[in-house]
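Read off the chains here:
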Amino acid sequence: AGAAQDQKVQYEKAISCYEGFLTKRPERTELWERIAKTYQVRLQDFDNAVKYYEIYLAKAKLAPKESGKISKVVKSLKDIISKGGLKAMMKEMEE
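Note that the structure is predicted; figures quoted are calculated from it, not measured.

**Student:** Give me the lowdown on the overall build of the protein chain, citing residues and values where you can.
**Tutor:** Of regular secondary structure, the protein chain possesses 5 helices and 0 strands. Counting from the amino terminus, helix and strand elements in the protein chain follow one another as α-α-α-α-α. C-alpha atoms of the protein chain, sized along the principal axes, occupy 50 × 35 × 15 Å. Looking at the protein chain residue by residue over its 95 residues, the buried ones come to 24%. Relative to all contacts within the protein chain whose residues are 6 or more apart in sequence, the contacts with residues 24 or more apart total 42%. Where the 19 positive side-chain charges of the protein chain centre and where its 14 negative ones centre are 6 Å apart.

**Student:** Describe unusual backbone geometry, with residues and values.
**Tutor:** Notably, Gln44 is not glycine yet its phi reads approximately 50°, a positive angle. Within the element layout of this structure, Gln44 appears in the loop between α2 (30-42) and α3 (46-59).

**Student:** I'd like a rundown of helix α4 (residues 64-82), residues and numbers included.
**Tutor:** Note: α-helices contain 3.6 residues per turn, so residues at a spacing of three or four share the same orientation. Its 19 residues place the ends of α4 26 Å apart at the C-alpha level, agreeing with the 27 Å of an ideal helix rising 1.5 Å per residue. Among the residues of α4, those classed as buried are Ile70, Val74, Leu77 and Ile80. Within α4, the buried residues cover an arc of 120° as seen down the axis, which keeps them to one side. The outward face of α4, more than 90 degrees from its buried face, is lined by the exposed residues Pro64, Lys65, Lys72, Lys75 and Ser82. Close packing links the buried residues of α4 with α2, α3 and α5 (85-94).

**Student:** Any chance you could break down the nonpolar core for me, citing the residues and the numbers?
**Tutor:** Formed by 19 residues in total, the largest nonpolar core has its most connected members in Trp32, Ile35, Tyr39, Tyr52, Tyr53 and Leu77. Elements with a contribution of two residues or more to this core: α1 (2-24), α2, α3 and α4. With 6 residues, α3 is the single largest residue contributor to this core. With residues near it in sequence (within four places) discarded, Trp32 still touches Leu22, Tyr52, Ile55, Tyr56 and Lys59.

Scoring rules and cut-offs
- Position labels on residues start from 1 in each chain and follow its written sequence.
- Restriction of local features to residues with pLDDT of at least 70 applies here, the model being predicted, together with a cutoff of 80 or more for giving and counting side-chain atom pairs; totals for whole chains, interfaces and linings are based on all residues.
- Excluded from the side-chain calculations are hydrogens and water; all other atoms, namely the structure's heavy atoms, are used.
- Helix numbering and strand numbering both begin at the N terminus, where a helix is a DSSP run of H or I of at least 4 residues and a strand a DSSP run of E of at least 2.
- Only protein chains enter the calculation, and the probe is 1.4 Å; a residue is then buried if its accessible area is under 20% of its type maximum, exposed if over 50%, and partly exposed in between.
- Contacts are assigned to residue pairs that have any heavy atoms within 4.5 Å of one another.
- Working convention for charge: Lys and Arg count positive, Asp and Glu count negative, and His plus the chain ends are omitted.
- Charge positions come from single atoms, namely NZ of Lys, CZ of Arg, CG of Asp or CD of Glu.
- Helix span, expected: 1.5 Å multiplied by one less than the number of residues in the helix.
- The arc in question is traced by the directions running from the helix axis to the C-beta atoms.
- Each nonpolar core is a collection of buried residues, namely Ala, Val, Leu, Ile, Met, Phe, Trp, Tyr and Cys, held together in the definition by side-chain atoms within 4.5 Å.

Shape descriptors only; they carry no functional weight alone.
Below, the structure is given as structure tokens:
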């Protein structure tokens, strides 16, 4: 558990660095996506992943195809959240 906690702290520090950098260089909109992906994949914090993907969609000048892909990810994450998260969904599948 110690190593996992250390990794979590490292990812949270990285997110904090990205956010700090974005205050100085707001045109680096790809960092919003990087923050969202870190929350989604590394921390499995889907609420924050959705929040940052939505910021990314609002701030980045994305091509329609890319915007559509991100919107699908957001929809999927919201579905997972509405069902109580991954653990709840896995438990449901086992029944």
